[in-house]
Amino acid sequence: MSNPFDDQGGAFVVLINDQGQHSLWLAAAEIPAGWSIACEQNGREACIEYVNRNWTDMRPRTGADIQRA
Amino acid sequence: MDAINNSSQLLPLTTAQTGMWFAQKFSSPDSIFNLAEFIEIHGPIDPALFEAALRQVGIEAETVRVRFIEQSDGPRQLIAPILDTTFPLIDVSSEPDPRAAAESWMMAELTRPVDLLTGPLWVCALFKAAPEQYFWYHRGHHIVMDGFSGGLLARRVAEIYTAFAEGRCPDEGTFGPLEFLLEEETTYRSSERFARDRHYWLTRFADRPAAFSLADQRRQNVGGLRRQTIHLSAESVEALRATAQASGASLPQIMIAAISAYFYRVTGVEDLVVGLPVAARPKGRLRRIPSMVANAVPLRLAISPGMSAMSLIREVGRQVREALRRQCYRYEDLRRDLNLLPTNQHLFTTVINIEPFDYDLRFAGHRATPHNLSNGSADDLAVFVYDRGDGKGLRIDFDANPGLYSAKDLAGHQQRLVRLVDAIVRDPGRPIGAINLLDAAERRRVLVEWNDTARTVPRTTLAALIEAQVARRGDATAVTYEDTTLSYAALNARANRLAHLLIAQGAGPEQIVAVALPRSAELVVCLLAILKSGAAYLPLDPDYPADRIAFMLADAKPVCLITTNAIAQRPPETAPRLVLGHPYTADMLARQPDSNPRNQDRIAPLTPLDSAYVIYTSGSTGTPKAVVVSQGGLLNHMLWMMSAYPMGEQDRVLARTSVSFDAAGWEIWLPLLSGSVLSVAPADVTRDPQRLIDYIRHQGITVAQFVPSLLAATSELIGPADTHCLRQVFAGGEALTSGLVRTVTSAWNVQLVNLYGPTETTIQVTSSPWQQTWQHNGDGQFAPIGRPIWNTQVYVLDDGLQPVPVGVAGELYVAGSGLARGYLNRPGLTAERFVADPFGPPGSRMYRTGDRARWRPDGALHFLGRADHQVKIRGFRIEPGEIEAALAQHEGVVQAAVVARQDRVGDKRLVGYVVPAAGHAPDPTMLRLHLARTLPDYMIPAAFVVLDTLPLTPSGKLDRNALPAPDQQPATAYTPPRTAREEKLCALFAEALGLARVGIHDNFFDLGGHSLLAIRLGRRIRNEIRPDFPITAVYTTPIVSDLAALLDFDGASDGAPDLSRDILLPPHIKPSRARVTDKPERIFLTGATGFVGSHLLSTLLQETDAHIACHVRAADRRSAEIRLRQALDKRKLSACWDERRIEILTGNLAQPALGLDEKATRMVREECDAIYHCGANVEFLHNYSALKPANVDSVLTLLDWTANGRPKSLHYVSTLAVIDKHQSGPVSEHTDLTSWQGLVSGYSQSKWVGDTLARQAQARGLPVSIYRLSSVTGDRVNAICNETDLIWRLVRLYAELGVIPDLDVLVNMTPADDVARAIVRLAGREASWGSVYHLINSEPLHVREVPRIFDRLGLRLELVSLDRWTEIAQRRLAKTHDDDLAAVLSILAQEDTSRSHPEIASDFTQQHLAAVGAPIAPVRPALLERYFASLRLPEVVSDALAPATSNEQRSVDG
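Residues numbered from 1 in each chain as written. Chains lettered and ligands numbered in written order. Predicted model: local features only at pLDDT ≥ 70, side-chain atom pairs only at ≥ 80, totals over all residues. Heavy atoms only, no water.

Caption draft 1: Structural view of the overall build of chain A. On a plain count of helices and strands, chain A comes out with one helix and three strands. Reading the helices (α) and strands (β) of chain A from amino to carboxyl end gives β-β-β-α. Put simply, chain A has 69 residues, and 41% of those count as buried. Restricting the contact set of chain A to residue pairs at least 6 apart, pairs at least 24 apart contribute 43%. If you sum the accessible surface of chain A, you get close to 3,700 Å²; carbon and sulfur atoms cover 44% of it. (Helix = DSSP H or I, 4+ residues; strand = E, 2+ residues; numbered from the N terminus. Buried < 20%, exposed > 50% of the residue type's maximum accessible area, 1.4 Å probe, protein only. Contact = heavy atoms within 4.5 Å. Areas by Shrake-Rupley, 256 points an atom, 1.4 Å probe, with all protein chains shown as cover.)

Caption draft 2: The packing of aromatic side chains, seen in detail. Residues and elements named next belong to chain B. Applying the stated criterion across every chain yields a total of 35 aromatic pairs over all chains. Ring geometry for Phe194 versus Tyr329: centroids 5.1 Å apart, planes at 40°, classification tilted. One end of the pair, Phe194, is in helix H6 (residues 192-204); the other, Tyr329, is in the loop between helix H9 (309-325) and helix H10 (331-337), with 135 residues separating them in the sequence. Among the residues examined, Phe194 registers a relative accessible area of 14% and is labelled buried. Judged by relative accessible area, which is 3%, Tyr329 ranks as buried. For the ring pair Trp640 and Tyr645, a centre distance of 5.9 Å and an interplane angle of 85° mean the geometry is edge-to-face. In this pair, the class of Trp640 matches that of Tyr645, namely buried. Through a chain of ring-to-ring contacts, three or more aromatic side chains come together here, namely Phe50, Trp136, Tyr161 and Phe363. (Phe/Tyr/Trp six-rings, centres within 6.5 Å; stacked < 30°, edge-to-face > 60°.)

Caption draft 3: Summary view of the pattern of salt bridges. What the rule picks out here adds up to 69 salt bridges over all chains. Salt-bridge contacts for B:Arg691 lead to B:Asp684; the nearest nitrogen and oxygen are separated by 3.0 Å. The exposure class of B:Arg691 is partly exposed, given its relative accessible area of 41%. Residues participating in the shared-partner salt-bridge network are A:Asp6, A:Arg44, B:Glu832 and B:Arg848. (Salt bridge = Lys/Arg side-chain N within 4 Å of Asp/Glu carboxyl O.)

Caption draft 4: Inspection of the nonpolar core at higher detail. Residue and element names in this part refer to chain B. Grouped together as the largest cluster of nonpolar side chains are 197 residues, with contacts concentrated most on Phe263, Ile562, Trp666 and Trp669. No other element matches helix H8 (residues 251-267), which puts 12 residues into this core. Apart from residues lying up to four places away in sequence, Trp669 is in contact with Leu462, Ile466, Leu527, Leu528, Leu531, Tyr537, Leu634 and Met638. One finds Phe50, Ala53, Ala154 and Ala294 within the second-largest nonpolar core, a separate group that totals 52 residues. (Core = buried A, V, L, I, M, F, W, Y, C linked by side-chain atoms within 4.5 Å.)

Caption draft 5: Spotlight on the sheet that holds strand S4 (residues 74-79) of chain B. Residues and elements named next belong to chain B. Strands sit in the order S1-S4-S3 across an open sheet of three strands; the sheet is antiparallel. Every interior strand has two partners, whereas the edge strands, strand S1 (10-11) and strand S3 (66-71), have only one. As defined by bridge partners, S1 adjoins S4 across two bridges and the pair is classed as antiparallel. Bridged to Leu11 within S4 is Gln77. (Pairing = 2+ DSSP bridges.)

Caption draft 6: Quick look at the environment of B:Asn295. All names here are of chain B. Within the secondary structure, Asn295 sits in strand S10 (residues 295-302). The class of Asn295 is buried, set by a relative accessible area of 6%. Each C-alpha atom, one on Asn295 and one on Val278, is 5.3 Å from the other, the two residues being 17 residues apart in sequence. Residues in contact with Asn295, not counting those within four places in the same chain, are Leu276, Pro277, Val278, Ala280, Gln327, Cys328, Tyr329, Arg330, Tyr331 and Glu332. Here Gln327 takes part through its backbone oxygen, which lies 2.8 Å from a polar atom of the side chain of Asn295. Looking at Asn295, its side chain comes within polar contact range of the main-chain nitrogen of Tyr331, at 3.1 Å. (Polar contact = N/O pair within 3.5 Å; in protein donor to acceptor, adjacent residues only side chain to side chain.)

Caption draft 7: Looking closely at the interface of chain B and chain A. Opposite the 42 residues of chain B that make contact, chain A presents 33 residues. Taken over both partners, the interface formed by chain B and chain A buries close to 3,200 Å², and the fraction arising from carbon and sulfur atoms is 60%. Across the chain B-chain A interface, the total number found is two salt bridges. A salt bridge links B:Glu832 to A:Arg44, with the shortest nitrogen-to-oxygen separation between them at 2.9 Å. The tally of links between chain B and chain A comes to 11 residue pairs in polar contact (both at pLDDT 80 or more). Mapped onto the side of chain B that touches chain A, the elements with two or more residues apiece are strand S32 (810-816), helix H25 (827-833), strand S34 (834-836) and strand S35 (845-855) of chain B. Here the residues of the side of chain B that touches chain A sort into 17 nonpolar, 12 polar and 13 charged. (Buried area = accessible area lost by both parts, 1.4 Å probe. Nonpolar A, V, L, I, M, F, W, Y, C, P; charged D, E, K, R; others polar.)

Caption draft 8: Molecular detail of the side chain of B:Glu667. Residue and element names in this part refer to chain B. Residue placement: Glu667 occurs in helix H20 (residues 664-674). Buried charge without a salt bridge: Glu667, with Arg656 as the nearest opposite-charge side chain at an N-O distance of 5.1 Å. Polar side-chain contacts of Glu667 include one of 2.7 Å to the side chain of Thr657. A distance of 2.8 Å separates a polar atom in the side chain of Glu667 from a polar atom in the side chain of Gln705. Setting aside residues no more than four positions away along its own chain, Glu667 makes contact with Val653, Leu654, Ala655, Arg656, Thr657, Leu678 and Gln705. (Lys, Arg positive; Asp, Glu negative; His and termini not counted.)

Caption draft 9: Main features of the sheet that holds strand S6 (residues 122-130) of chain B. Residue and element names in this part refer to chain B. Pairing in this open sheet of six strands is mixed, and the strands run S5-S6-S7-S2-S13-S12 from one edge to the other. What marks the edges here is a single partner per strand, and that holds for strand S5 (89-91) and strand S12 (362-363). The sheet contact formed by strand S2 (residues 34-41) and strand S13 (residues 366-375) spans seven bridges and is antiparallel. By the bridge assignment, Ile39 is partnered in S13 with Pro370. Each of S2, S5, S6, strand S7 (133-141) and S12 is contacted by helix H2 (residues 47-60), which is oriented at about 160° to S6, the strand it contacts most. (Axes fitted to C-alpha atoms, helices over the stretch in contact; angles between N-to-C directions.)

Caption draft 10: View of the environment of B:Leu347. Following the sequence through the fold, B:Leu347 ends up in the loop between H10 and strand S11 (350-355). The spatial distance from the C-alpha of B:Leu347 to the C-alpha of B:Leu334 is 9.3 Å, given a sequence separation of 13 residues.

Caption draft 11: Structural view of helix H28 (residues 980-993) of chain B. Taking 1.5 Å of rise per residue, 14 residues should cover 20 Å, and H28(B) covers 20 Å from first to last C-alpha, within 8% of that figure. Listed in full, the buried residues belonging to H28(B) are B:Glu982, B:Leu985, B:Cys986, B:Leu988, B:Phe989, B:Ala990, B:Ala992 and B:Leu993. (Expected span 1.5 Å × (residues − 1).)

Caption draft 12: Representation of unusual backbone geometry. All names here are of chain B. Gly119 connects to Pro120 through a cis peptide bond whose omega is 0°. With respect to the element layout, Pro120 can be found in the loop between helix H3 (98-111) and S6. With a phi close to 55°, Lys1132 is a non-glycine residue in the positive phi region. Structurally, the position occupied by Lys1132 is in the loop between helix H33 (1117-1130) and strand S44 (1142-1147). The phi angle at Leu1154 is positive, at roughly 55°, despite the residue not being glycine. Counting through the fold element by element, Leu1154 comes out in the loop between S44 and helix H34 (1158-1167). Take Leu1154: its relative accessible area is 0%, and that puts it in the buried class.

Caption draft 13: Here's a closer look at the pairing of strand S24 (residues 652-655) of chain B. All names here are of chain B. Bridge count between S24 and strand S25 (residues 677-680): four bridges; the pairing is parallel. Following the sheet pairing, Leu654 is matched in S25 by Ser679. Assessed by its sense of winding, the connection that carries the chain from S24 through H20 to S25 is right-handed. (Right-handed = clockwise from strand over helix to strand, strands pointing away.)

Next comes the structure, spelled out in structure tokens:
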């Protein structure tokens, strides 16, 4: 059993959620709710490269609903 | 057999029948080989006419009259002229449940073992269930029947019955004779087509893919049959047919594709091989002969999650067409071609059988419905699909090995298969990986119910909660470290000052403060201060290499690094420092307020999303990566843990884990949140089990956390009084085996909790307090890791990201509050590992752990090991964790590790490492036996290493890289040299092997020596000790002490010894008057570790009640026992082991009094009633003087002890090699062997002297028997030969060379168990004492017959003249430098071929053997074939055909 995310030759997309978080995703799989495509289908390396270029602020964007300490 | 008259025709078996013959011989006795069904006839039947119809079929179909006989060269079939059987008519119509009554009779009949020689092979019965309902039961053994034949017979019975019922003669039958089958087979096997088919299959399976299984446990095949049936609904079948029509595929094709897709989904095996039974009757003529013709062909499918069902269906169609064109090439042949037979490997153990037979049977117009009852036992799993065309849908049977599958397993598989079939017909274009296998309820259970962990977490911070404890318990002790104690108030005040200072330096939310401090109370102050400042702490182990720390500082860019003066010098200045203890720092701290920092003090308000800590973990690329965990996640974890495993003010919690690991987090925060005492263990305590125990006792620790490796080491040392203070133990960081759980829970009075969580989650994500009931559920090799913590979800997903069913292995994913934020400054890596969660709230993520797990039925998780630790050896996918857990279940093992090592190129093997339990000394044999109970052969390590402790990494986990190579571990205890010669040899051995030291009992090959090294060592011995040293002697005498003795003795003389000087029996050896018992209570046995000796021991234990005192050459009793057990184990005789009846006496045959000490000598002389002297030094290359002590002097000693002390008999095992070629024949048991001048080897010379001495004792009237042995070969049960015997070395060489010398030599092979039984029975009968016996069989094998036997194994062997043979052998020797070959050639060179051996008579022996019921039967070719298989001859040949280095390789593997 090999994890499909590790398939070096597989087809992937990059997803993004409203926190600005990115996710590598299998091109063939359904896109989970709350995520949208940030980078269309591409090779694995290209997708990761895309994330490295575009996800520059890794802090989750704090929404108004987050409780304050 | 009466019915067989002389006119019966004897026929060979077809290959298919031969396959079945051997399958039955080698399978479990409970295995079923019967094909059976009953045909339900919906109408009245006239039983007399029905029987007449059966009898008519009996006349027409030869196969139902076939019987088998076993001849010397294998089985034959003959066709009885008439069918000699009865057909019972059983009336069950008055039974409450007629069908059940009938079926129970049928099941009993078909599961009864069938003897191939006596049958019955074909059985029919007619049941009357009701006046208008009859069941015709018919079953045939698979050796005379296949599925196709069953249909042929059933249709013909229906035809004939119908004709009879209508009062007419049936049409003439068209069944062909069996002879046609044999003809067809011969034609096929010599055809071009056969060669082409063979080439096709060999090419397709050249890489020998491994068979897969749906079963999660691997056990032995237990025979029997478990069948589970499900029906595909009529609607589903309708949809299937529509799909078939639309796609142009056939229904069988779609079903094969669907079932294969299911196998893929459950196993994840992407290179899937399934077996497809085929009729293998390509010609019309073949289709008219009922018999066993069926074959199985392998389908090899490449499946991936993204593949659509449609493309799989097309692929199946293509492959089935290809396979059917080559369906006559037999699977047995393919296995042999691929060399899978010696290791009993298969290409597949799972088969799919689609049976769309047209079964519209009518009996005199009455409809009939067939019901299949048995297709025989399944190796693993066979899926049968029946489409009887009755419109009721498809019936799907799972026929399974009951040892592997429960009824519940099968039912679960079937329901999911049906769901998958339905999904495929709904949308054949859908990716296979995306199909949901679970029903709504199960899907909900695994995704939602078992993850229902929602809890409201209060709006607060960790710092605030600790400050609340400070307010409540200001004076109570918060932290201790050695002599330092801090109260809550003091801790808080110091942390506050530092926090204010950090804030002043820019620390705050979303900033990082690094800490590099030794373990101390100050460390806790710093961590708390960072928390209070709102920054994330980055703990760095000051012991890390400076450049690693430098890398981390440069990567994380902390606002400051808190450290001490001593440490501050080491890392380069990459971050601003705060040096504790520095006057400047002290001064600054003194100026800070000691009040709790508030949000308004911080540089920014603190939110739950802000980072709480940053921990580096090693990356697969070698670059460490930092995990960032949020404040909210940490708080969630702490609140969960306080609720799940509450601690109180009375608790003292051990902080043991290095703070650079995430698991240290709760050790520090939980006690401070709970008002407990945090006890920081000094560095020297944390990894030393004994110091740890002392620390726990002195400090009164109540709660502690261990990595399982350390827990095991600690549990070994701990006494009951040591831990009375401990109440709770957490284990985490590694898989916890149930064996360790047992040890800890039984010895300690603690609650043991298993924790699981990767660094990428918040410390832990699942936990499981140990429950007693978990010990007995059968799957407990690892303790469960339990259920998810608060606000956390865990998923077990397959490659298509679908949740797997309960009990099926998949990869573990984690979602929810337990998730880390990601990797610091590594967006790409974060996006790879933290991926969108399809099952969680919109926009949420899940972390893929890379760990494998499965759900237990109760909703707890089982950890199965790292996905990337899986190794592949010989094509088998292996989880080392599974072997480790099995090893740890051995009572003598506390800890185990298994790794695949490649210490030499091309030699990848499994090595097991074990730490013994106190008072245990597990040896490899025991461990192998233990593992063999639950694991298949390929999962049993090739070598074992016993270690005092397993090497640990700084975090306390197993350090796999630090495990030693097995070769460097001497198997025996070190014994220093005693003489100058031994000293020299020890040094040379050590030098050749590259070891620090070698003891005198060490074996060159056990220490990793192989033939190249042996030659090197031999040369060194020539240079250093003796110029004429025979280099091959290292090969034959690999133990230092033996080699020293050899050198000492061989130095003495050369040339022919005068044996006549040594045959004088001292006069004091004479018989006493006392009666000797033939029911001995105690027997002394020498040579019990030898080949014949171990069989003697086993037979003595079985056939007598005596205690057996075994003489074993070893340094001490323990090594002796190991040797003895290994000897038995090697021959699969371990079952005889009886602790109470075996006594072990260590000694050495070559020493005075056989090397026995005084006590042992007294025991043999005064307490034994019989002596079996089977031990001898059998080194063929040694000269007489080297062998005399062991082979002559020992006989004198034992004759002395026979004549003196307690009255006893002596049974001396001699050899036919004592018969000199110059002795005139025939030589009977009574011939006086006076000639010895023609004996050439030291061995036969020394045995002749021993034999002669024993004969003199007989002549004096002593109760002494002499048993002269021929070639003793493998036992009849397991066919395990003594590979090192000359005969097998020769056979091996012949096989390698492909030629055999044409010598006029008879080989008289005698199976070891026959020989042992003969000796023990003769020895147990007083009337047989005092004689010589020739233990040979009456039908020796001529050397010229050997090529024919090779041919049957598919091996070529050519008969050539001795000269030609020697020439070929010499040429090979020049190329390979094969020492074994050299040794054999030197022996053959001494052989005088001009003179043949005298004829040997054994009439006297045969009479006596008949009297004691212990005949020595001839070795038939069938047994010989098994010998060859157990010696792996076919492999030898294929190796020899490979280029050059083969010998080296083999000796290394061996």
